Amino acid sequence: MKSVTAVINTQALISNIERIKGMAPHSKLVAVVKANAYGHGVITVAQALDSKVDAFAVARLPEALELRAAGIVKPVILLEGFLNDEDLPVIAEQGFYTAIHDQEQINALERTELAQPIHAWLKIDIGMHRLGAAKDEVKSMKARLEASDKVIKPLGLISHLSVADCPEQSAYNEEQINYFFEVAQDFTGDLCLGNSAGIISWPQSRTTYVRPGIIMYGISPYTDKTGADLGLTPVMTLKSSIIALRHIKKGDRVGYGATWTAPHDTILGIVGAGYGDGYPRSVPNGSPVLINGRKVPTAGRVCMDMLFVDLGPDSQDKIGDEAILWGEGLPVEHIANLCGTIPYELVCRIMPRVNMEVKA
């Protein structure tokens, strides 16, 4: 009997990359592997894609260093840039590419001694209002970076679409894309704009480089679609086993807070997975778990290490039978919708005690 396992299908990962290449055939691919490759295992994912993509992207310097330590020599882009002066010599030595989104980062660059210049992308704010040069800063920041002998020329331009996954926000998305290209007229370096939803829905965003994130993992960026709807295959299947069976009577109340009452005599399956593994406590009663080819409903609150499912009075299920929580046969998008969240959050929540099994 296996405890909670996240099965990572690297062939599905490669298939998704080929699908993405078909969508953006004239762009170079930057595989986004931040947050432990969205919970899928950064080294597993990077090694599987090393010959399939042109670069990798992470959020922070320790993530980039983890890739180098694993033997990944391709360009690695720091999407959040750097946080401290002392990061810069490391970035230069390792040949990382860094976004620069703030005047203070340029100050740090100007006052730090470097053995060699760095690859830099000016990050501009086109509507997210999170990171990036404001409209009245772009020209001065560009001029300072281009005047610096610590920056490899030509300077790149990068930004992030905030509503590419929202069809109802098409006008605002077009406004963001148009502004990016207005700024890009003054740049001769590489451009990087399209994210997952941009790659699919907004051909204009398929710049020199595009950054597939969630779609690499076979998951849809849209609330009304699954990865399968987009021709993608889920890379992660999260599963566990039935560890106990309980025969209960009509009217018995189940779990913490007694939030579920048996409507009839039935058999409960106790599945060895809970919020301590990353399965959401917020999942409502009746949410599906896939057991022996059929979807059975959850019953009662998810515990730290276990959850309940109503197997029905005629159940023939046995202790040790596999229980699929999401993935192959049960899209994580459905579970996320039931919880009122997004699938990104669920896959990123996978806890260290979960076994990671690679299916090549």
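Structure's up top.
Residues numbered from 1 in each chain as written. Predicted model: local features only at pLDDT ≥ 70, side-chain atom pairs only at ≥ 80, totals over all residues. Heavy atoms only, no water.

A. Molecular detail of the overall build of the protein chain. Helix and strand content of the protein chain: 11 helices and 18 strands. Counting across all 360 residues of the protein chain, residues that qualify as buried make up 54%. Put simply, 64% of the contacts in the protein chain that link residues at least 6 apart link residues at least 24 apart. For the protein chain, the exposed area adds up to about 15700 Å²; of that, 50% sits on carbon and sulfur atoms. Distance from the positive charge centre (34 side chains) to the negative charge centre (41 side chains) of the protein chain: 5 Å. (Helix = DSSP H or I, 4+ residues; strand = E, 2+ residues; numbered from the N terminus. Buried < 20%, exposed > 50% of the residue type's maximum accessible area, 1.4 Å probe, protein only. Contact = heavy atoms within 4.5 Å. Areas by Shrake-Rupley, 256 points an atom, 1.4 Å probe, with all protein chains shown as cover. Lys, Arg positive; Asp, Glu negative; His and termini not counted. Charge placed at Lys NZ, Arg CZ, Asp CG, Glu CD.)

B. Representation of empty space enclosed by the protein in the model. Summed over all chains, the structure comprises 1 cavity of 30 Å³ or more. When its volume is computed, the largest cavity comes out at roughly 60 Å³. Residue lining of the largest cavity: Lys123, Ile124, Asp125, Ile126, Met128, Arg130, Leu131, Ser159 and His160, and that is the complete set. For the lining of the largest cavity, the residue count by class is 4 nonpolar, 2 polar and 3 charged. (1 Å grid on protein atoms, 1.4 Å probe; cavity = no way out; pocket = protein on both sides within 12 Å on 5 of 7 lines; lining within 4 Å. Points joined across faces, edges and corners; volume = space filled by probe spheres on them. Nonpolar A, V, L, I, M, F, W, Y, C, P; charged D, E, K, R; others polar.)

C. Region of interest: the nonpolar core. Counting residues in each nonpolar core, the largest one holds 115 residues, and the members touching the most others are Val33, Leu49, Ile124 and Trp326. Examining the composition of this core, we find that 6 residues originate from one element, helix H1 (residues 10-23), more than from any other. Listed in part, the 10 residues of the second largest apolar core include Ala244, Val254, Trp260 and Ala262. (Core = buried A, V, L, I, M, F, W, Y, C linked by side-chain atoms within 4.5 Å.)

D. Representation of the pairing of strand S3 (residues 55-58) within the structure. Judged by which residues are buried, S3 turns out to be covered on both faces: Ala55 and Ala57 on one side and Phe56 and Val58 on the other are all buried. Sheet analysis places strand S2 (residues 28-32) next to S3, joined by 3 bridges and oriented parallel. Bridge pairing in S3 places Val30 opposite Ala55. In this fold, S3 hands off to helix H4 (residues 61-69), which returns the chain to strand S4 (residues 76-78); that crossover is right-handed. (Pairing = 2+ DSSP bridges. Right-handed = clockwise from strand over helix to strand, strands pointing away.)

E. Here's a closer look at the packing of H4 against helix H5 (residues 87-94). It is the contact of H4 with H5, at a shortest axis distance of 12 Å, that shows an interaxial angle of 30°. On the basis of the axis angle, H4 is roughly parallel to H5. Seen from above, H4 lies across H5 with left-handed handedness. In this structure, H4 contributes Leu61, Leu65 and Arg68 to the contact, and H5 contributes Asp87, Val90, Ile91 and Gln94. (Axes fitted to C-alpha atoms, helices over the stretch in contact; angles between N-to-C directions. Parallel < 35°, antiparallel > 145°, perpendicular 65-115°, else oblique. Left-handed = near helix turned anticlockwise from the far one by under 90°.)

F. Summary view of helix H8 (residues 170-184). Look at H8: 21 Å from first C-alpha to last across 15 residues, which is about the 21 Å you get at 1.5 Å a residue. Looking at the buried positions of H8, the neighbouring elements they touch are helix H7 (138-147), strand S7 (156-158) and strand S8 (191-192). (Expected span 1.5 Å × (residues − 1).)

G. Spatial organisation of the pairing of strand S16 (residues 307-310). Along S16, one buried face is formed by Leu307 and Val309 and the opposite face, lined by Phe308 and Asp310, is buried too. With 4 bridges connecting them, strand S13 (residues 266-271) and S16 associate as antiparallel partners. The partner of Gly269 across the bridge, within S16, is Val309.

H. Just unusual backbone geometry, in detail. With an omega of 0°, the peptide bond running from Lys153 to Pro154 counts as cis. When you line up the elements, Pro154 lands in the loop between H7 and S7. Positive phi, normally seen in glycine, also occurs at Ala35, with a value near 55°. Among the structural elements, Ala35 can be located in helix H2 (residues 34-38).

I. Broad picture of the packing of aromatic side chains. The final tally for this structure, using the stated rule, is 6 aromatic pairs. Between Tyr97 and Trp121, the ring centres sit 6.5 Å apart and the planes meet at 50°, which makes this aromatic pair tilted. With Tyr97 in strand S5 (residues 97-100) and Trp121 in strand S6 (residues 119-123), this residue pair connects regions lying 24 residues apart in the sequence. Each member of the pair, Tyr97 together with Trp121, is buried. Each member of the aromatic cluster is reached from another via a ring pair, and the members are Tyr38, Tyr217 and Tyr344. (Phe/Tyr/Trp six-rings, centres within 6.5 Å; stacked < 30°, edge-to-face > 60°.)

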